[in-house]
Amino acid sequence: MEKNQIIKLEITDLSYEAMGVAHYEGMTVFVNNALPGETVEAKILKVKKHFAFAKIEQIIKESPDRVNIKLNQWVQTGLASLAHIKYDKQLEFKRNQVVNLLQKAHLDDVKVGETLPSPEQTGYRNKAQVPVREVKGQLEIGFFRKHSHDLVPLTNFFTTDPEIDRVLVAVRDILRQYHVPAYDEIHNQGEVRYLDVRYSKATGEIMVILVCLHKDFSQLPKVADAIKQIEGVTSLVLNYNPKKTNVILGKVDYLIFGKPQITDKIGDVKFKISPESFFQINSLQTPRLYDLAIKKADLHPDDIVIDAYSGIGTIGLSVAKHVKSVRGIESVSDAVKDANNNAKLNGINNAKYVTGKAEEVMPRWAAKGMKADVIFVDPPRKGLTPEFIEAAVKTGPKKIVYISCNPATMIRDLQEFMKDGYTFSQIDPVDMFPQTPHVEAVTVLERARK
């Protein structure tokens, strides 16, 4: 097998990245956008020792599960790499990810629920961070082609709310009108690196964040005045990111006009959100995720709850009315301020948030003899640290509710908790990110009775 060779393949499976899997002369071949049951002619793009990557040249036999979308840029960029698969099969694919991970860990007796579908399958995202680059002499917004830094210009981002798409295009046109240079990442020059837009379905408020190489630029006053005229925009923030880095946001924000936050809701709880605060991106599915977690936790009015990786308090404040008290931990200080202010905003008096890394604060609390009945964890993709798991066990919770955006690290962590006498019987997948391979999952660990 060699690069650019055209071969006929039968697709037998999907990889966890939703690439078609085929076998040819003892090699595994991953075929972009191919589906199980399809026969394709594919062009080899890259050959490794035991596997290769290919793209479809022609579909000879098509799967009945295929959706023929007109704009395949979404699939090419990875923005919506499942967009060519029927939605019920997307849900099945996500459940199978969890099933396969449990089988690899020899935890076949753990039940996996059906994937909770999202109320919206497209246009569900309340936030977009899109790169700004020059393409053929013109400032463009879009998304990078998979595994590259080639910008594919887009005006419809498919998974983001149409209100966000409208604002992104309007801001792009303003930047073009005033000849603001797009960022050049090779030479670390130009001006606007990213457009970051946050939208509240609950209030209609829209925050525009210009991620810029400098703290100021000559056209900023005119650009700001024009952005102020865009319907729905309630604030403009300049985020200063001078470093040559792939990290999107810098550490300093300048409010150019409007409110420093937007207000959104999860269920009946209001949240004020700062530019850099984490907030679940699927507004309609998030309350369903939290309701599932709360129901599974079977909370009691006298429970003491720790909300680790608490962000702006979304889980803890949703839980507060069911329990005696909530203590939250979050490493981003602005998010902690937001969390405590959000408690006041909602008249919640039994929740308090502190700044720090969960894996550092939890051991201190455990050393002081603090006990918790229930711990909620919703960690980043890398999962929990051994130090956190040790400290969590020391606080002696009856239950640990684990919400994860990465089932692989979740199952790794669950096995560590099992060594300390905790058990779990079911994992429930939740589709927070339709059209993408990502799957959220919820489980409840219970301390084995002595």
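If you're wondering where the values come from, they're calculated on a predicted model, not measured in any experiment.

**Q** Would you mind showing me how to read the overall build of the protein here?
**A** The number of helices and strands found in the protein is 10 helices and 24 strands. By the compact-globule yardstick of 22 Å for 450 residues, the protein fits well, its C-alpha radius of gyration being 24 Å. Reported as C-alpha extents along the three principal axes, the dimensions of the protein are approximately 65 × 60 × 35 Å. A sequence separation of at least 24 residues applies to 64% of the contacts in the protein between residues at least 6 apart. Only carbon and sulfur atoms are counted for the fraction: they give 50% of the accessible area of the protein, which is about 20,800 Å². The average position of the 61 basic charges and that of the 56 acidic charges among the side chains of the protein differ by 3 Å.

**Q** Just to check I follow, could you spell out the packing of helix α9 (residues 386-394) against helix α10 (residues 407-419) for this structure?
**A** At a closest axis distance of 10 Å, the pairing of α9 and α10 adopts a crossing angle of 45°. Here α10 runs oblique to α9, going by the angle between their axes. Viewed along their axes, α9 and α10 form a crossing whose handedness is right-handed. Mapping the contact onto sequence places Ile389, Ala392 and Val393 in α9 and Asp413, Glu416 and Phe417 in α10. Counted by class, the contact of α9 with α10 contains 4 nonpolar, no polar and 2 charged residues.

**Q** How should I be thinking about the side chain of glutamate 38 in this particular structure?
**A** With respect to the element layout, glutamate 38 can be found in the loop between β4 (27-32) and β5 (39-47). On the accessibility criterion, glutamate 38 (1% relative accessible area) is buried. Within polar-contact distance, the side chain of glutamate 38 engages the backbone nitrogen of serine 63 at 3.0 Å. Here the side chain of glutamate 38 touches arginine 66 through a polar contact of 2.8 Å, side chain to side chain. Once residues within four sequence positions are removed from consideration, glutamate 38 is found in contact with Leu9, Glu10, Ile11, Ile59, Lys61, Glu62, Ser63 and Arg66.

**Q** Where do I start with the environment of leucine 249 in this structure?
**A** Tracing the backbone shows leucine 249 in the loop between β13 (233-240) and β14 (252-258). Separated by 39 residues in sequence, leucine 249 and leucine 210 have C-alpha atoms that sit 9.6 Å apart. Those residues in contact with leucine 249 that sit more than four places away from it in its chain are Gln129, Asp196, Val211, Asn239, Asn241, Pro275 and Glu276.

**Q** How do you make sense of the UniProt feature "active site" (unreviewed entry) in the protein when you look at a structure like this?
**A** UniProt records the feature "active site" (unreviewed entry) for Cys405 in the present numbering. When you line up the elements, cysteine 405 lands in the loop between β21 (399-404) and α10. Judged by relative accessible area, cysteine 405 falls into the buried class, the value being 18%. Setting aside anything within four residues of it in sequence, one finds cysteine 405 in contact with Pro379, Pro380, Arg381, Val439 and Glu440.

**Q** Would you mind showing me how to read helix α3 (residues 162-177) here?
**A** With 16 residues, α3 extends 23 Å between its outermost C-alpha atoms, agreeing within 8% with the 22 Å of an ideal straight helix rising 1.5 Å per residue. Every buried residue of α3 is accounted for by Ile164, Asp165, Val167, Leu168, Val169, Val171, Arg172, Ile174 and Leu175. Where α3 is buried, its residues touch β8 (127-135), β9 (138-144), β11 (192-199), β12 (206-212), α4 (220-228) and β13. Its side-chain oxygen at 2.9 Å from the backbone nitrogen of glutamate 163, aspartate 161 defines the N-terminal cap of α3. Remark: histidine 179 follows α3 within two positions and exhibits a positive phi of approximately 55°.

Rules used in this analysis
In this numbering scheme, every chain counts its residues from 1 along its sequence in written order. Local features are withheld for residues below a pLDDT of 70 in this predicted model, meaning they are given only at 70 or higher, and side-chain atom pairs are given and counted only at 80 or more; totals for whole chains, interfaces and linings count all residues. Side-chain measures were taken over the full set of non-hydrogen atoms in the model, leaving aside hydrogen atoms and water. Every helix listed is a DSSP run of H or I at least four residues long, and every strand listed is a run of E at least two residues long, numbered separately from the N terminus. For this measure, only C-alpha atoms enter the radius of gyration; the expected value for a globule follows 2.2 Å times N^0.38, where N is the number of residues. For this analysis, residues touch if any pair of their heavy atoms sits within 4.5 Å. With residues, only the protein chains shown are counted as cover, and all accessible areas are computed by Shrake-Rupley using a 1.4 Å probe. A residue counts as positive if it is Lys or Arg and as negative if it is Asp or Glu; His and the chain ends are not included. By convention, the charge on Lys lies at NZ, on Arg at CZ, on Asp at CG and on Glu at CD. Note on geometry: axes are lines fitted to C-alpha atoms, helical ones only across the stretch in contact, with angles between N-to-C directions running from 0 to 180 degrees. For this classification, under 35 degrees means roughly parallel, over 145 means roughly antiparallel, 65 to 115 means roughly perpendicular, and everything else is oblique. Here a crossing is taken to be left-handed if its near helix is turned anticlockwise relative to the far helix by less than a right angle, and right-handed if that turn runs clockwise. Any residue that is not Ala, Val, Leu, Ile, Met, Phe, Trp, Tyr, Cys, Pro, Asp, Glu, Lys or Arg is counted as polar, Gly included; the first ten are nonpolar and the last four charged. Only protein chains enter the calculation, and the probe is 1.4 Å; a residue is then buried if its accessible area is under 20% of its type maximum, exposed if over 50%, and partly exposed in between. Counted as a polar contact is a pair of N or O atoms within 3.5 Å, where, for protein atoms, one must be capable of donating a hydrogen and the other of accepting one, and residues adjacent in sequence contribute only when both atoms are in side chains. UniProt positions are given in the numbering used here, feature names are shortened, and annotations may be inferred rather than shown by experiment. Any helix carries an expected span of 1.5 Å times its number of residues minus one.

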